[in-house]
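The lines below spell out each chain.
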Amino acid sequence: MDVMICPTAEDVGRRASARVAEAAWDVGPDVVLGVATGSSPLSTYRHLAQRVRAGELDLSHAWAFALDEYVGLPPGHAQSYASVIRLTVTDPLWLDPTRVFTPDGSADDLAAAAARYEEDIRRAGGIDVQVLGLGSNGHIGFNEPGSPLDSRTRLMRLTEQTRKDNSRFFGSLEEVPTYCLTQGLGTIREARRLVLVAHGTQKAAAVAALVEGPVTVECPASVLKLHPAVSVIVDESAASRLSGSRRRPANGTTAVPVA
Ligand code: GLP
């Protein structure tokens, strides 16, 4: 696992976009991207969009799969992840909307929708590079603490902490859905490369648990330690609870190898 500590959240996005672009260049035009919602990856998407507009990167034949989706929001709701991905990823990166997928959180049969999503990912050839944010409780996608390390796409109940964290996107806590469909930790681990981004002190405890703690279902992101190609890219605030030997005063980006 490579851990990079950057001076600012903007630098996190620049570094992470370089990782995603490298994967896209290596794989070719039909690269399969895994994309996350939340505020953490927004600067990554902005930097990727700059590369697309500058003609450095062509994602018009790429595929993209979102990590998760709320259950129970009407189709087209501004906070559905289908809408959020369209606004923050599909449009700015000039992706073909017919090649961008989110789990179907309004399906009558949610178990069947979850199985179909796994099948869609498989048919596209699997995810080449997965962008991940990090919940303050250590979740990735919507895999809350306790999620099995080999779990697949499935229905999950959100914790109150996650609903509170995400209530800033809704009018009130009551409006935040209670259930979601999320790729499982086993699904996420099958992506060929993983790029996790985090910034801000509210992520510091989760970053420390991920980087320095044991692999445990209590911190779902710790499963990344079992993956051979992971970049964890964080700003100084998110790195502030790493032990002194790992945390360096940052004049520029610090790359920290972690066993
Ligand atoms: C949601 C998403 C996660 C994301 C997390 C962090 O819960 N399902 O994929 O990582 O938010 O969000 P933020 O980056 O806004 O803190």
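About the cut-offs
- Residues numbered from 1 in each chain as written.
- Predicted model: local features only at pLDDT ≥ 70, side-chain atom pairs only at ≥ 80, totals over all residues.
- Heavy atoms only, no water.
- Helix = DSSP H or I, 4+ residues; strand = E, 2+ residues; numbered from the N terminus.
- Rg over C-alpha atoms; globule rule 2.2 N^0.38 Å.
- Buried < 20%, exposed > 50% of the residue type's maximum accessible area, 1.4 Å probe, protein only.
- Contact = heavy atoms within 4.5 Å.
- Expected span 1.5 Å × (residues − 1).
- Salt bridge = Lys/Arg side-chain N within 4 Å of Asp/Glu carboxyl O.
- Core = buried A, V, L, I, M, F, W, Y, C linked by side-chain atoms within 4.5 Å.
- Phe/Tyr/Trp six-rings, centres within 6.5 Å; stacked < 30°, edge-to-face > 60°.
- Near = heavy atom within 4 Å.
- Polar contact = N/O pair within 3.5 Å; in protein donor to acceptor, adjacent residues only side chain to side chain.
- Areas by Shrake-Rupley, 256 points an atom, 1.4 Å probe, with all protein chains shown as cover.
- Nonpolar A, V, L, I, M, F, W, Y, C, P; charged D, E, K, R; others polar.

> For this particular structure, what's the right way to read the overall build of the protein chain?
Helix and strand counts for the protein chain come out as seven helices and eleven strands. Radius of gyration (C-alpha) of the protein chain: 17 Å, near the 18 Å computed for a compact globule of 259 residues. The principal-axis extent of the C-alpha atoms belonging to the protein chain is close to 50 × 45 × 35 Å. Taken across its 259 residues, the protein chain has 54% of its residues classed as buried. Sequence separation of 24 or more characterises 78% of the internal contacts of the protein chain that already satisfy a separation of 6 or more.

> Could you clarify how one ought to interpret helix α2 (residues 42–53) in this entry?
Compared with the 16 Å implied by 1.5 Å per residue over twelve residues, the 16 Å span of α2 between its first and last C-alpha is a close match. For α2, every residue scored as buried is listed here: S43, T44, Y45, H47, L48, A49, R51 and V52. Close packing links the buried residues of α2 with α1 (9–27), β2 (32–35), α3 (81–90), β6 (129–132) and β9 (193–198). Looking at the residues trailing α2, positive phi occurs at G55, about 80°.

> Honestly, the pattern of salt bridges in this entry has me stumped. Any pointers?
Where charged atoms from two side chains of opposite charge approach closely, those side chains can pair. Under the criterion given, the structure shown has 13 salt bridges. A salt bridge links D11 to R14; the nearest nitrogen and oxygen atoms lie 2.7 Å apart. Within this pair, D11 and its partner R14 are both found in helix α1, separated by three residues, close to a single helical turn. R99 serves as the salt-bridge partner of D96, at 3.9 Å between the closest nitrogen and oxygen. Within the structure, one salt-bridge network assembled from shared partners comprises E118, R152 and E190.

> It is not clear to me how the nonpolar core should be interpreted in this structure. Could you clarify?
Buried together is how nonpolar side chains tend to be arranged in soluble globular proteins. By size, the foremost hydrophobic cluster in this structure holds 63 residues, and its most contacted members are L59, I140, L196 and L224. In terms of residue count, the dominant contributor to this core is α1 (six residues). Apart from the residues lying within four places of it in its own chain, the contact partners of L59 are A24, V31, L33, V52, L93, W94 and L95.

> Looking at this structure, I do not really get the packing of aromatic side chains. What am I missing?
Describing an aromatic ring pair means giving the distance of the ring centres and the angle of the ring planes. Scanning all chains against the criterion turns up seven aromatic pairs. Between the aromatic rings of F65 and Y117, the centroid separation amounts to 5.8 Å while the plane-to-plane angle is 75°, which identifies the pairing as edge-to-face. Of this pair, F65 sits in strand β3 (residues 63–66) while Y117 is found in helix α4 (residues 110–123), placing the two residues 52 residues apart along the sequence. With a relative accessible area of 0%, F65 lands in the buried category.

> Can you help me understand the site of the ligand in this one?
Near the ligand there are 14 residues, and of these S39, S40, D68, R168 and K203 occur at the shortest range. A distance of 2.7 Å is found between an oxygen atom of the ligand and a backbone nitrogen or oxygen belonging to S39. Taking 390 Å² as the accessible area of the ligand by itself, protein coverage stands at 95%. Along the lines of polarity and charge, the residues of the shell around the ligand split into three nonpolar, eight polar and three charged.

> Sorry if this is basic, but what is going on with the side chain of S231 here?
Position of S231 among the secondary structure elements: in strand β10 (residues 230–235). Given the relative accessible area of 7%, S231 is considered buried. Of note is the side chain of S231, whose polar atom sits 2.5 Å from the side chain of R19.

> How do you make sense of unusual backbone geometry when you look at a structure like this?
Apart from glycine, the bulk of residues carry a negative phi angle, and the bulk of peptide bonds sit in the trans form. Although it is not a glycine, W94 adopts a positive phi angle of roughly 55°. Relative to the assigned elements, W94 resides in the loop between α3 and β5 (100–101).

> What am I meant to see in the environment of N137 here?
With respect to the secondary-structure elements, N137 resides in the loop between β6 and β7 (154–157). Each C-alpha atom of the pair N137 and C219 lies 7.2 Å from the other, and the pair is 82 residues apart in sequence. In this structure N137 touches E144, P145, T159, T162, E218 and P220, once residues within four positions along its chain are discounted. A polar contact is formed between the side chain of N137 and the side chain of E144, at a distance of 2.9 Å.

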